[in-house]
Amino acid sequence: MARRGASEPTGASELPLVEQAIAHVARHGWPWDARQRFAGGGPAPVPAGALATLSLPGGRPLPPSFRRWLEHDGRYVGVLGRGRKVQLVVRPFRELVGEWKPRRSKAWNTLATLLPGAVVPLLAEDDRLVALYLGDADENGELPILEVSADFMTSVSLSHPSFDVWIAERVGARERKLAAYAMFDDPAHGAALRAQARRNLGGWKWLSSELDGERVSAEDGRAAIEALPVDSPARRLLERAGAVADRIAAMQRRPKEVLTAEEQAQYEALRRDSHPAIAQEIASLDKCAQLGLDVVPQIRSFLATAARERGQPGRQSSDGLHGRERASEAPAGPSVPPAPLAERDRLFADSNLQLAVLSGLLAAGLIPQLDEERLPIAREEDEADWYDPDAERSIYAVNHDVVDALLAVELPAAALARVEALTWPDEHLSRWIFPQWSGEEDDFKIDDLSGLEQCPSLRTLDLSCSPSVDLAPLRRLQGLVKVTILWREGGARHRQTAAILRSLRARGVEVEA
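Residues numbered from 1 in each chain as written. Predicted model: local features only at pLDDT ≥ 70, side-chain atom pairs only at ≥ 80, totals over all residues. Heavy atoms only, no water.

**Describing the packing of helix α1 (residues 17–28) against helix α7 (residues 163–171)**
One can describe the packing of α1 onto α7 by two numbers: an axis separation of 8 Å at closest approach and a directional angle of 25°. Between α1 and α7, the angle is such that the two are roughly parallel. You can see that α1 and α7 cross each other, and the crossing is left-handed. Residues L17, V18, A21, H24 and V25 of α1 touch α7, and the partners they reach there are D164, V165, I167, A168 and V171. Residue composition of the contact of α1 with α7, by class: 8 nonpolar, 1 polar and 1 charged. (Axes fitted to C-alpha atoms, helices over the stretch in contact; angles between N-to-C directions. Helix = DSSP H or I, 4+ residues; strand = E, 2+ residues; numbered from the N terminus. Parallel < 35°, antiparallel > 145°, perpendicular 65-115°, else oblique. Left-handed = near helix turned anticlockwise from the far one by under 90°. Contact = heavy atoms within 4.5 Å. Nonpolar A, V, L, I, M, F, W, Y, C, P; charged D, E, K, R; others polar.)

**Let's talk about the pairing of strand β4 (residues 145–150)**
In terms of burial, β4 is a largely internal element, 6 of the 6 residues being buried. Neither face of β4 is left uncovered, since the one carrying I145, E147 and S149 and the one carrying L146, V148 and A150 both have all their residues buried. Sheet topology places strand β3 (residues 128–134) next to β4; 5 bridges connect them, and they run antiparallel. Note that in β4 the partner of V130 across the bridge is E147. In terms of strand pairing, β4 meets strand β5 (residues 154–160) through 6 bridges, oriented antiparallel. For L146, the partnering residue across the bridge sits in β5 and is L158. (Buried < 20%, exposed > 50% of the residue type's maximum accessible area, 1.4 Å probe, protein only. Pairing = 2+ DSSP bridges.)

**Section: the sheet that holds strand β11 (residues 510–512)**
Sheet architecture is open: 4 strands sit in the order β8-β9-β10-β11, paired in parallel fashion. Across the chains shown, the open sheet's two edge strands, defined by having one partner strand only, are β8 (421–423) and β11. Between one strand axis and the next, the sheet turns through 5° on average, direction left out of account. The sheet contact formed by strand β10 (residues 482–485) and β11 spans 3 bridges and is parallel. Counterpart to T484 in the pairing with β11 is E512.

**Things to note about the sheet that holds β3**
Note: strands within a sheet are paired through backbone hydrogen bonds, in either parallel or antiparallel orientation. What the 7 strands build is an open sheet, ordered β1-β2-β3-β4-β5-β6-β7; its pairing is antiparallel. In this open sheet, the two strands that pair with only one neighbour each are β1 (91–92) and β7 (213–215). The strands that helix α8 (residues 190–200) touches are β3, β5 and β6 (204–208); relative to β5, the one it contacts most, it runs at about 135°.

**Some thoughts on the pattern of salt bridges**
Using the criterion set out here, one finds 14 salt bridges in the structure. Among the ionic pairs, E125 bridges to R170, the shortest N-O distance being 3.7 Å. Here the residue E125 occupies a position in the loop between β2 (118–124) and β3, and R170 occupies one in helix α7, the gap between them amounting to 45 residues. Here E169 makes a salt bridge to R174, at a shortest N to O gap of 3.7 Å. A residue is classified by how much of its surface remains accessible, and E169, at 9% relative accessible area, is buried. The network of salt bridges with common partners includes E125, R128, E147 and R170. (Salt bridge = Lys/Arg side-chain N within 4 Å of Asp/Glu carboxyl O.)

**Digging into the packing of aromatic side chains**
Going through the model one piece at a time under the given rule, you end up with 6 aromatic pairs. Ring plane angle 70° and centroid distance 5.0 Å describe the contact between F66 and F163, whose orientation is recorded as edge-to-face. Of this pair, F66 sits in helix α4 (residues 64–72) while F163 sits in helix α7, and the two are 97 residues apart along the sequence. Each member of the pair, F66 as well as F163, is classed as buried. Pairwise contacts between aromatic rings join W30, W69 and Y76 into one cluster. If you follow K101 out to its NZ or CZ, it ends over the ring of W100, 5.5 Å from the centre. (Phe/Tyr/Trp six-rings, centres within 6.5 Å; stacked < 30°, edge-to-face > 60°. Lys NZ or Arg CZ within 6 Å of the ring centre and 35° of its normal.)

Next up, the structure:
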């Protein structure tokens, strides 16, 4: 009879998976990592008396397959230490990963919102951490295995539905999968893992700190989100992640435009060029194209920027932060950006609104493009460690030098009168300001829309990151056709916002709220 909680076997064996793992080690020995760590020796069972005292926080019992493995060996999973001291290490998720990779604190803050349970660490490598997640158990008392990746992208996934599936794979008794989330398609264990994802990760197979990821299904994701309290941080985070996933899916469905033969030839020529200033951008565009995303507009923008970078003919621009084409016409001067404008001299009281307008003018080509090389952006070659959140110029924090430089860019009245679309945060300025921003902080929130009447031609406005801003200034923009806003307010402001949105809809404005 199969032990309660043990997964169904695979292949010809009639043994439960945890028993297969035990038999495999007895027959073939430990995997290579155990041989390195233990320098020989057989299994070291946890003594029955000590095992009887082990339990999870709150007195919860150990998962059945985990307990059975400890009867066989406690060294491999770290329960039985030197001197045969028995200790079950239980850590809060945020605390464990924070000690493992301390420089990714903001990423951990995001992911820890979804993972309030503690973990039992099982394996830690250079860029991968595996742990038993002490969330909600399945009907057999089994808990899922959590895999955290900290290589190029910080992400979390439920890699196995229970300990026995993981340990059988780890010691070689079961075929190893190529990716953490490949198990979701496994005929024997995929259904159990999908259930664990709905139960413990809001319906996601995996989710990165940048709110990219893959859901078990859209319906399962919505059901998991709706089960959370309306005002919970996890619900807000999952809704934002869902919006990102929906936007990516929409981009993948969009029919691709076609580059002209000349544009294609220019792009291919640049791909063969090793010019260091453009190599990274080419790589990012190639990666997007491999994902099936529509990157034709970005490629065209890139070609124009690359032409200026290589000194080819392009749009003439003014001095300062704008392109280099006119540098020879002006006297040589310092490359330091101009000092920030005083608050009283700005066109908009809210600095993020001013940045949003600047972004709109740049996107529409109403002012010359900025020269990224002249901005004090955090770069890998800087003396400051750009991976350090506490460094002066870090990719994990707002670069106030860049903000000041951008706020000093002149916004001509004639250009303001012609701008038709504003989206904030955007894809370029926000990357310069806070390269690793993933949506969990309010650094790009707009709190005041006053002054927006200086843009009378405005037709579309996306304020998805500004949920509580006063929308009254929008009543003066008669050309509006679409407004997007994330709306979660209460009290008097709620009634005021509702009235404004009704008045906008009444005059034909499409409102996404």
